[in-house]
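# Close look at the chain arrangement
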Amino acid sequence: QRTKGNVRPSSSGRAAELLARESGVVPGFVGFGISTSNEPGYVPAVHGAEEIDNLVDADFRLVLRKLSKRDAVTKLKAVQEFGAMCQERESDIVKGVLPYWPRIYCRISLDHDRRVREATQQAFEQLILKVKRNLAPYLKGIMGHWLIAQCDTYSPAASAASAAFQAAFPLNKQPEALSFCKDEVLNVLQDNLLKETADTLSDAQSVPEEEREAKYVRLLTSSLLALKRLLKTIPQTDHEALGERLAHVLSQGKFWKYSKHKTPQVRGAFFEVVAALCELAPQLVQAEAARACSAVLLSIDDSDPVVLPPLWEAVLHILSSVEDCWTHVNARKGVLPKLWVLLKEGGRGLATALHPNMLPFISKLPAEVTEPKIDFCRTFFTSVIQGLSSERAVASPSECAAIVFATMECLRFLLLQNAGAEPEQRAIQNVLISEQLLPLIDKALGSPALQSGPLFLQITEMLVSWEKRTAGNDAKTFQRLLADFWEGLGSLCVGYVDHEETEQSALQGVASLLQIMQNPCAQSKRKKTVKICFSEQEEKGHGENPPSGTPAIEPSENQGKQDCPLRSSHLLELVCQLAELNMVYVCERNSERHLHFLALLLHAFPKPQVFQVLLKSEVGKPEQLLEAELGSLSENPAVRFLLQRVVVWLRQDNRQDTDFLVDMVFSALHCCSSKAEQTLVLNHITMDLKWGVILQIIQKACARADCLEACRSWLRGSVLGERLVGLAGELCALGLKGSPSLSSPLLSQHNHSWPLISLALSQQHNNESLIGKVYVEQIIERLHATLSEAKGMSDAGNMEPLISFICDVASNFFSSVKGCLLLAAAEELLLTIFQLCAQDQTLTHLSDALLQKMELAYTAGVHSLVTQLGAGVTKGTFLHSAAVWVKNQLLTSPLSVKSLQVLVQAVQSLAETLASAQQNECLLSQFIQCLTPTQEEWVCLRKALPPQWIKRPLLCGRLRANEENPGVDVWTVKGLSRLPAYLCASAVLGKILSIAVPSDSQQEETDASELLDLKHTVPEILYALQWCEEMEHGPATLSEYYKMLQDWHIAEKTQSNELAKAGILETLFTRSREEGALWSLTLASYIQNSKPVASVIKSLYGNVESFYPLSGQSVSTIQVLCSSLTTPEREELVALSIADLLNWQEKEQDAAHSVWACLAVLHCCLQAETPVEEEILLAVMATLLEWRNSREEWFLFSRQVRVGDSTSMNSVLFKSEHVFPIPLRVQYSLYLKKTRALHKLLLHLFRLMPENPTLPGQPSETSSKEPKSFFTENLPLSLHQKEGLQCEVPHLACSVYYGALKDLPAMVRLWWNSQEKRVFSTVDKFTSKYVSSVLSSQEISSVQSSTQTFESMTVKARSATREVIATYSVDDIFIELVIQLPQNYPLGSISVESGRRVGVAVQQWRNWMLQLSTYLTHQVGHKVLHLTSWLRGEMSLFDEEVTAPLPRSLPHSHGACLLGQGRFVLLESLRVAEDEERGGLKPGA
């Protein structure tokens, strides 16, 4: 809202004025109201000038409007949409946007949201790719903000802008493009740097202050960086053209104030601009020298990480570009004190950026700044070296290294600058060496961090440089410098050595310094690839004064050299001095620290001069015996020191650490003149050294090439070889004595012996064993003999340490030595280890941990055997012997589950190793073939299986035959302490077949049946699994075994190969036809799991006639395949079986078996809902009824072999009843009445049913729901049920009674009415209380939930009153009937009451009521169905009088088989107990 008196133009007006002033035009001006200009507006309106509307596509207009929104998300989506449209639309359409793009781009490229800025540049790139050269007329309006965008502080946005710039201009054209727009770009940058503020950039009323400030700071930073980029990109001629305008910028005080800006990014960008100006336009900086020098040099202590690198770039440029720079600032008060503080603080964590500038900085300082020089040098180096103690320098190796490099570079430079003989120069030299360099070395000797840094290497290079200059013009100066340095260093080192309490780290520092001086390559990994060289003459050895200026850098020539680069004798003299002094403390004071220091010295300087110094305290000549054995070699000082000192130290009993002494041994060997002398010395000392020392010697020989060369002949010689063979024998003999533990005294004496044997056997050099081959074979033979002896000992548990050691040795030997198994003893050792690992732990007494170690050993051997030697499975080879041994274990050795697991794990590891190492599948397949029993062996193993498996399938009805006629033992489950061999063989083969047989995803063209006999092996494994499943509640050992197989997923893995499925199915079918029994059950499980297609199953038997004549085996097979047969095939089976049944008398000799077989086939076909004609079933029923009278023994359980006979017959009876027509049901009902079967059943049921049939286990508190009872809950009959067995028989009795009332209500009602008064009352009360409500609820619920609809009739039910109301209405007839179930339903009669009736005569109505009442009383099932059936019949015969009587007793179609075979077992047992009937009928009696 404009206030009164405010004549200042609006923000949009000011923007337009600004653009008009800069470029003379107002590109894309956003006007409000009617435009008076011919220039295009921001976005053409829908209603406006037609010529403008046609320039911009409607979709683009919408997107451009969205770009003016304030919401960041809206803008972001609009920019992204704009970029997508540029990419998708035709170029002509996109060109229409160009007149309006500069204005939009200049605004949104500076947006506060960085995502918008990045998306803007990406969209711009798409626009450029589409319009290409058509962008040229608009470049000047865009270029300034485009250059700023390329310097965006948000890197992705800057990268996107640069990518757009690259898309528009190739690299070689970019300077030309910027040159073309240089004036416009500088206008934008000048305004941003000198005119804009946070408030002018953004609306103070709508934009928060924090956001305004952030945008302004970002614009300043980007503009400064853009100015630098402009200067570096445009040609030099343009610098001159812009000189006046740049001078105007530099003349502004606001520009120089950016050096003190509170934001580091602005300060850093400012110093980058200053450095660029100094480099590209020094005359402009010179004109503003006072401001430039003050702004830069007085900011020298700015230690912000963003500012420091560009600041020091500007500092160095100012020193180089402005000649009188120090006249504008006070160096002593304003500059150097700030620098000293910064250096003392180690650069405040920025040493890697700060300190490399020190050398060029001090090299550019004039004399007036550094006078007096001695004070300047002292202050400078004191400050720099003090920085090494700063917290960051101590913690960071790179910071510390940067300070060290800067120190040494500056020190060498100042020494070269002051290399003369003048008093002042000598004083400076003394200060630099005595007061700075030597104290720095002293500091380093006490600091492990400095010792590991580049200091010592830098010192060495400095000394090498000085030595080269001793041949030049300044020879005396550098000779004096060298002498002073070595004198000072000697005093410093002597001070450390000549002190008993010196820290070990300090002595190590002295040794490290001397070692690097001797061999700089020891620290080559830490050394710079370049070095500072201060003049060309330095490399040539000339000593001319170096020119002033920045030092030159050239490659180092000393890198990689092994010889000492120092040519003078100072170093060796110092080492000899220190060694002699050190020996005093070693010999006289037994200083262990000095002994370690001596080892380090000798390691770095293995020279005769040093050893000669060490022997000064020794008096006399070598012993005559020693001289006779070694000859002239005994005069060698190194050998003498070795024999007289080092060997003595090595043999000390109380010495634990001998590693550094072994280094002395090699130092002495380096002084021998030939390999023969080295071998002679080693053979001499071998007899006197401990095994641990010999182990260390061999370890160092294996680790270092120079040591190996010195020891090669000794290692392969007889002296060491025979000692090692003797050691192996001694260790084996010791182990066989049964040492109780690894910590026993005898074994502790040999704690290095086993590792020594292992190392000697496992190491190779140039594919040759480390020691002589003959000694390798002797040691392996000894180990095998020992292991074989330990395997047969009863107290093998005490052998565990010995076996563990041998396994370690063997594992290293097998895995390390190529071709090791060419030795016969090695292959025998491998077999023995495998056997031990696979044997029963109760025999071997080996721990699980040791078994794992042995497994690693033999798998390493097998891998080496296969990969290196291409092993086979022929007789006599390891694989054949192992397979035969495992097979014998399976067939002959009784195994527990634990011992079987051990065996399986061993074989599995071997098989997995073969599978991973073999070149093809043949090797593992051959191994499995050797392992698999023959068919004769499989048969014997199966016969040995206990027969108790048969009980479960017989009782469950899955098996209806038992051809073997077992005795009473079938029902007795015997304990098993050991697993049958059949199960053991199946487990092992099942486990390794899953490794050998690839899964379907891994199969290529290889037929698994060609590699393995899966067709016969897998069925055996499945047979074992089925046997275990049927023995589910067998002994604990068997349960544990079966769970183990389930955890292994044996069944799934062995059936996963699709190529083998057909063969497995064929074998199972053949076994089922031939043997039946468990093979049939196995076949059933396999079909259920693998789900073969019908055609595959059909191919097995051809046609169903092939199963006849029926046998027990063929019946079992039919039962398995019945569900897979087609309906015609099942009908054919029914026809064949019924034909045999009807002609049963023709087979009088074996009639019972034939009858049973036919009934079993008929039963399974009826279960599969096979359609059968009525006449045929009538004939079957007549035959069954005849058998009931003449062959009653067939229906009894008198013989075990006919457990399935009676069940099959009863099942056929009641399954057949399901498909009987009404006349046949009447005959069946008359049969039940004649035999009084239902009468007897009900008598027994009321003795078995409890007085209170409530289900136990319910909460005692009352609830709104009726309590659960035996009548409301189903009875799950299971052979495996363990809980609630005491309630099973009462529950079964209640279920049978409930089923009788539901399915045979009329016959139960007749029985009830025929009972005496007391029984009549008891049955009525019990039924009314517990059963009637359940049946009534089911009837009412069936009506309520029925979805059936009837024409002209509606049916409703009321559960509370137990009523069903039927209403019939057609034309002028209306009938309403109310049917009510009695309290004791279904014992009582159903009442039918008349509701309203219209159009029906009274007599006709009475007839209907009588008929309906009788009809509903004698029918079962859902009443609504019977009601609708009756109404439909009556209404269709409305004019006819129906008086035909209905039968009073009709059985329900479900028959009396209410709960399957379990209930018929109960019925049959009750019938047998009929003669024992006594007492009343009260429930629970």
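### Considerations on the overall build of the protein
When its secondary structure is counted, the protein shows 77 helices and eight strands. Here the protein, with 1485 residues, has 52% of them falling under the buried criterion. Pairs at least 24 residues apart make up 72% of the contacts formed inside the protein by residues separated by at least 6 positions. Of the roughly 67,900 Å² that the protein leaves accessible, carbon and sulfur atoms contribute 51%.

### Quick word on unusual backbone geometry
Cis peptide bonds are those with omega within 30 degrees of zero, and the linkage from glutamate 371 to proline 372 qualifies with -15 degrees. Assignment of secondary structure puts proline 372 in the loop between helix H24 (367-370) and helix H25 (373-386). Tyrosine 1385 connects to proline 1386 through a cis peptide bond whose omega is 10 degrees. Relative to the helices and strands, proline 1386 resides in the loop between strand S7 (1373-1380) and strand S8 (1391-1398). The backbone phi angle of arginine 348 is positive, close to 55 degrees, even though this residue is not glycine. With respect to the helices and strands, the residue arginine 348 is situated in the loop between helix H21 (331-344) and helix H22 (351-354). Accessibility expressed as a relative area gives 34% for arginine 348, which makes it partly exposed.

### Remarks on the environment of tryptophan 1156
Mapped onto the secondary structure, tryptophan 1156 falls in helix H66 (residues 1151-1167). What makes tryptophan 1156 buried here is its relative accessible area of 4%. Between the C-alpha atom of tryptophan 1156 and that of leucine 1141, which follows or precedes it by 15 residues, the distance is 9.2 Å.

### With respect to the environment of serine 634
With respect to the secondary-structure elements, serine 634 resides in the loop between helix H37 (624-630) and helix H38 (637-650). Exposure remark for serine 634: the relative accessible area of 1% places this residue in the buried category. Sequence separation of serine 634 and valine 681 is 47 residues, and the distance between their C-alpha atoms is 9.5 Å.

### Description of the pattern of salt bridges
Any two side chains of opposite charge can pair, on the condition that their charged atoms come close. A complete count under the given rule lists 42 salt bridges for this structure. With a closest N to O distance of 3.2 Å, lysine 232 and glutamate 279 form a salt bridge. Of this pair, lysine 232 sits in helix H13 (residues 209-233) while glutamate 279 is found in helix H17 (residues 264-280), placing the two residues 47 residues apart along the sequence. Among the residues examined, lysine 232 registers a relative accessible area of 42% and is labelled partly exposed. A salt bridge links arginine 942 to glutamate 1075; the shortest N-O distance between them is 3.8 Å. Placement of arginine 942 in helix H54 (residues 935-943) and of glutamate 1075 in helix H61 (residues 1058-1075) is noted, with a sequence separation of 133 residues between them. Several salt bridges share partner residues, and in doing so they unite Asp659, Asp663, Lys700, Arg704 and Asp706 into one network.

### Structural notes on helix H7 (residues 114-131)
Here H7 spans 26 Å end to end across 18 residues, near enough to the 26 Å set by a 1.5 Å rise per residue. All of the buried residues in H7 are Val116, Arg117, Ala119, Thr120, Gln121, Ala123, Phe124, Leu127, Ile128 and Val131. Against helix H4 (72-88), helix H5 (91-95), helix H6 (101-108), helix H8 (139-149), helix H9 (155-168) and H13 lie the buried residues of H7. You can read the cap of H7 off the contacts: a side-chain oxygen lies 2.8 Å from the backbone nitrogen of arginine 115, and it is on aspartate 113. Once H7 ends, the next one or two residues include lysine 132, with phi positive near 55 degrees.

### Quick notes on the nonpolar core
Note that soluble globular proteins tend to have their nonpolar side chains buried in a common cluster. In terms of nonpolar packing, the biggest core is built from 392 residues, with Trp146, Ile318, Phe361, Phe485, Leu489, Phe641 and Phe814 touching the most fellow members. Sort the elements by how many residues they give to this core and H66 lands first, with twelve residues. The contact partners of phenylalanine 485, leaving out residues within four places of it in the chain, are Ile433, Leu437, Leu438, Ile441, Ile459, Leu463, Trp466 and Met517.

### Looking at the pairing of S7
In terms of burial, S7 is largely enclosed, as six of its eight residues are buried. Relative to S7, strand S6 (residues 1363-1370) is paired through eight bridges, and the arrangement is antiparallel. Following the sheet pairing, serine 1369 is matched in S7 by phenylalanine 1374. The hairpin turn running from S6 into S7, its antiparallel successor, is two residues long, and aspartate 1371 in that turn takes a positive phi close to 50 degrees.

### Some thoughts on the packing of aromatic side chains
Inspection of every chain in the model, using the stated rule, returns 35 aromatic pairs. With 4.8 Å between their ring centres and 50 degrees between their planes, tyrosine 105 and phenylalanine 124 make a pair best called tilted. Taken together, the residues tyrosine 105 in helix H6 and phenylalanine 124 in helix H7 connect sequence positions 19 residues apart. One exposure class covers both tyrosine 105 and phenylalanine 124, and it is buried. Lying across the ring of tryptophan 691, arginine 723 places its NZ or CZ 4.0 Å from the centre.

### Comments concerning the packing of helix H34 (residues 570-589) against H38
It is the contact of H34 with H38, at a shortest axis distance of 13 Å, that shows an interaxial angle of 50 degrees. By the angle between their directions, the pair H34 and H38 is classed as oblique. When the axes of H34 and H38 are compared, the crossing they make is left-handed. Taking contact as the criterion, the partners of Met583, Val586 and Cys587 in H34 are, on H38, Phe641, Arg645 and Trp649. Among the residues forming the contact of H34 with H38, the class breakdown is five nonpolar, no polar and one charged.

### Describing the side chain of threonine 1117
The topology assignment puts threonine 1117 in helix H64 (residues 1112-1121). Side chain to side chain, threonine 1117 and serine 1072 meet in a polar contact 2.7 Å long. Polar contacts involving the side chain of threonine 1117 include one to the main-chain carbonyl oxygen of glutamine 1113, which spans 2.9 Å. Apart from residues lying up to four places away in sequence, threonine 1117 is in contact with Phe1069, Ser1072, Arg1073, Ser1080, Leu1083 and Phe1107.

### A few points about the state of the cysteines
Overall, the coordinates contain zero disulfides when judged by the stated rule. A disulfide-free cysteine, cysteine 837 has its sulfur positioned 8.0 Å from the sulfur of cysteine 807, the nearest such atom. Judged by relative accessible area, which is 4%, cysteine 837 ranks as buried.

### Things to note about the layout of surface pockets
One water molecule sets the probe size; rolling that probe over the atoms shows where empty space is left. Taken as a whole, the second largest pocket spans an internal volume of roughly 860 Å³. Contributing to the lining of the second largest pocket are 34 residues, with Gln1026, Leu1081, Ala1084, Ser1085 and Gln1088 lying nearest its centre. Secondary structure elements with two or more residues in the lining of the second largest pocket: helix H58 (1014-1030), helix H59 (1036-1048), helix H60 (1050-1054), helix H62 (1077-1090), H64 and H66. Per-element tally for the lining of the second largest pocket: the top contributor is H62, with ten residues. Taken together, the residues of the lining of the second largest pocket sort by class into 15 nonpolar, 15 polar and four charged.

### Regarding a negative patch on the surface
Among the surface-exposed residues, Glu368, Glu371, Glu422 and Glu424 lie close enough to one another that they form a single negatively charged patch. Here glutamate 368 lies in helix H24.

### A closer look at the side chain of threonine 1367
The residue threonine 1367 is located in strand S6 in this model. With sequence-adjacent residues up to four places away left out, threonine 1367 is seen in contact with Ser1352, Met1353, Thr1354, Phe1374, Ile1375 and Glu1376.

### Some details on the confidence of the model for the protein
Any segment with low pLDDT has predicted coordinates that should not be analysed in fine detail. With 79% of its residues at a pLDDT of at least 70, the protein reaches an overall mean of 79. At the low end of the mean pLDDT range in the protein sits strand S2 (residues 552-555), at 34; at the high end sits H17, at 95. In this model residues 1437-1485 is a low-confidence stretch, pLDDT under 50, and it forms 115 contacts with partners more than four residues away in sequence or in other chains.

### Concerning the pairing of S6
The buried count for S6 comes to six of eight residues, which makes it a mostly enclosed element. Both strand S5 (residues 1353-1358) and S6 contribute to a ladder of six bridges, which runs antiparallel. Looking at S6, one finds that threonine 1354 is bridged to threonine 1367. What sits between S5 and S6 in their antiparallel hairpin is a turn of four residues, with arginine 1362 showing a positive phi close to 60 degrees.

### Details of the packing of H7 against H8
Any two packed helices are characterised by the angle at which their axes cross and by the distance between the axes. Here H7 crosses H8 at 130 degrees, and the two axes come no closer than 12 Å. What the angle tells us is that H7 and H8 run oblique. Of the two elements, H7 crosses H8, and the hand of that crossing is left-handed. Taking contact as the criterion, the partners of Gln121, Phe124 and Ile128 in H7 are, on H8, Ile142, Trp146 and Ala149.

About the cut-offs
- Position numbers for residues count from 1 along each chain, tracking the sequence in the order it is written.
- In keeping with the predicted nature of the model, local features appear solely for residues at pLDDT of at least 70, side-chain atom pairs appear and are counted solely at 80 or more, and the whole-chain, interface and lining totals rest on all residues.
- Note that water and hydrogens are dropped before the side-chain values are worked out from all heavy atoms of the structure.
- Secondary structure elements are defined from DSSP: runs of H or I of at least 4 residues count as helices, runs of E of at least 2 residues count as strands, and each element is numbered from the N terminus.
- Buried residues are those whose accessible area, probed at 1.4 Å on protein chains only, stays under 20% of the maximum for their type, while exposed residues exceed 50% and partly exposed ones sit between those limits.
- In what follows, a contact means two residues having at least one pair of non-hydrogen atoms within 4.5 Å.
- Values of accessible area rely on a 1.4 Å probe in the Shrake-Rupley scheme; residue burial ignores everything except the protein chains shown.
- One side-chain nitrogen of Lys or Arg within 4 Å of one carboxyl oxygen of Asp or Glu is enough to make a salt bridge.
- Residue count minus one, scaled by 1.5 Å, sets the expected span of a helix.
- For this analysis, a polar contact is any N or O atom pair within 3.5 Å, provided that within protein one partner can donate a hydrogen and the other can accept it, and provided that sequence-adjacent residues contribute only side-chain to side-chain pairs.
- We define a nonpolar core as any set of buried Ala, Val, Leu, Ile, Met, Phe, Trp, Tyr and Cys residues linked to one another through side-chain atoms lying within 4.5 Å.
- At least two DSSP bridges between two strands are required for those strands to pair.
- Geometry of aromatic contacts follows a simple scheme: Phe, Tyr and Trp rings, the Trp one being its six-membered ring, pair when their centres are within 6.5 Å, and the pair is stacked under 30 degrees between planes, edge-to-face over 60, tilted otherwise.
- Should the NZ of a Lys or the CZ of an Arg lie within 6 Å of a ring centre and within 35 degrees of the ring normal, that charge is described as sitting over the ring.
- A fitted line through C-alpha atoms serves as each axis, taken over the contacting stretch for helices, and the angle formed by two N-to-C directions is quoted from 0 to 180°.
- Throughout, the term roughly parallel applies to angles under 35 degrees, roughly antiparallel to angles over 145, roughly perpendicular to angles from 65 to 115, and oblique to all others.
- Helix crossings get a hand from a simple test, with the near helix turned counterclockwise from the far one by less than a right angle marking a left-handed crossing and a clockwise turn marking a right-handed one.
- Three classes are used, and their members are as follows: Ala, Val, Leu, Ile, Met, Phe, Trp, Tyr, Cys and Pro are nonpolar, Asp, Glu, Lys and Arg are charged, and the others, Gly among them, are polar.
- Any pair of cysteine sulfurs within 2.5 Å is marked as a disulfide.
- Buried and open spaces are told apart on a 1 Å grid over the protein atoms alone, a cavity being a set of points where a 1.4 Å probe fits but cannot get out and a pocket being an open set with protein on both sides within 12 Å along at least five of seven lines. Residues with an atom within 4 Å of a point are the lining residues.
- Grid points are joined across faces, edges and corners, and a volume is the space filled by probe spheres set on the points.
- Each patch is assembled from residues with relative accessible area greater than 30% and no salt bridge, linking like charges that lie within 9 Å and nonpolar side chains (Val, Leu, Ile, Met, Phe, Trp, Tyr) that lie within 5 Å.
- His is not counted, nor are the chain ends; Lys and Arg add positive charge and Asp and Glu add negative charge.
- The atoms used to mark charge sites are NZ of Lys, CZ of Arg, CG of Asp and CD of Glu.
- pLDDT runs from 0 to 100 and stands for how confident the predictor is about each residue.

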